[in-house]
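Examination of the molecular architecture
In case you want the letters, here they are:
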Amino acid sequence: MTMTFEDDMIDAGFNDAEDYLEYLMDEGDRVMQRLIDEEDRWHYDENYESWEE
């Protein structure tokens, strides 16, 4: 059985759909920023290693 948006919303502790959507969008932004930061660190590490050669 698949949960609906409303089920997910209530399960996450929200009563208002707009508040839940805002929370989901903010969470998506946080995840994307974390991925960007990790990618930047990976590129920095990769470049740093090539400078030492």
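Residues numbered from 1 in each chain as written. Predicted model: local features only at pLDDT ≥ 70, side-chain atom pairs only at ≥ 80, totals over all residues. Heavy atoms only, no water.

1. Here's the deal with the pattern of salt bridges
Scanning the entire structure with this criterion turns up one salt bridge. The partner of Glu27 in a salt bridge is Arg30, with the nearest N and O atoms 2.6 Å apart. With Glu27 and Arg30 both in helix α2 (residues 17–52), this residue pair falls three residues apart, about one helical turn. When its relative accessible area of 30% is taken as the criterion, Glu27 is described as partly exposed. (Salt bridge = Lys/Arg side-chain N within 4 Å of Asp/Glu carboxyl O. Helix = DSSP H or I, 4+ residues; strand = E, 2+ residues; numbered from the N terminus. Buried < 20%, exposed > 50% of the residue type's maximum accessible area, 1.4 Å probe, protein only.)

2. A short note on a nonpolar patch on the surface
A surface patch of nonpolar side chains, amounting to about 330 Å² of accessible area, comprises Phe5, Leu21, Tyr23 and Leu24. Note on Tyr23: relative accessible area 35%, which makes it partly exposed. (Patch = residues over 30% accessible without salt bridge, like charges linked within 9 Å, V, L, I, M, F, W, Y side chains within 5 Å. Areas by Shrake-Rupley, 256 points an atom, 1.4 Å probe, with all protein chains shown as cover.)

3. Let's talk about a negative patch on the surface
The grouping of Asp16, Glu18, Asp19, Glu22, Asp26 and Asp29 at the surface amounts to a negative patch. Note on placement: Asp16 falls in the loop between α1 (5–11) and α2. With a relative accessible area of 36%, Asp16 lands in the partly exposed category. (Lys, Arg positive; Asp, Glu negative; His and termini not counted. Charge placed at Lys NZ, Arg CZ, Asp CG, Glu CD.)

4. Considerations on the packing of aromatic side chains
Going through the model one piece at a time under the given rule, you end up with four aromatic pairs. Seen in terms of ring centroids, Phe14 and Tyr20 are 5.3 Å apart; in terms of plane orientation they differ by 45°. Their pairing is tilted. By the burial criterion, Phe14 is buried, and Tyr20 matches it. A centroid spacing of 6.3 Å and a plane angle of 20° characterise the contact between Tyr20 and Tyr23, whose relative ring orientation is stacked. In this pair, Tyr20 and Tyr23 are both assigned in helix α2, three residues apart and thus about one turn of the helix distant. (Phe/Tyr/Trp six-rings, centres within 6.5 Å; stacked < 30°, edge-to-face > 60°.)

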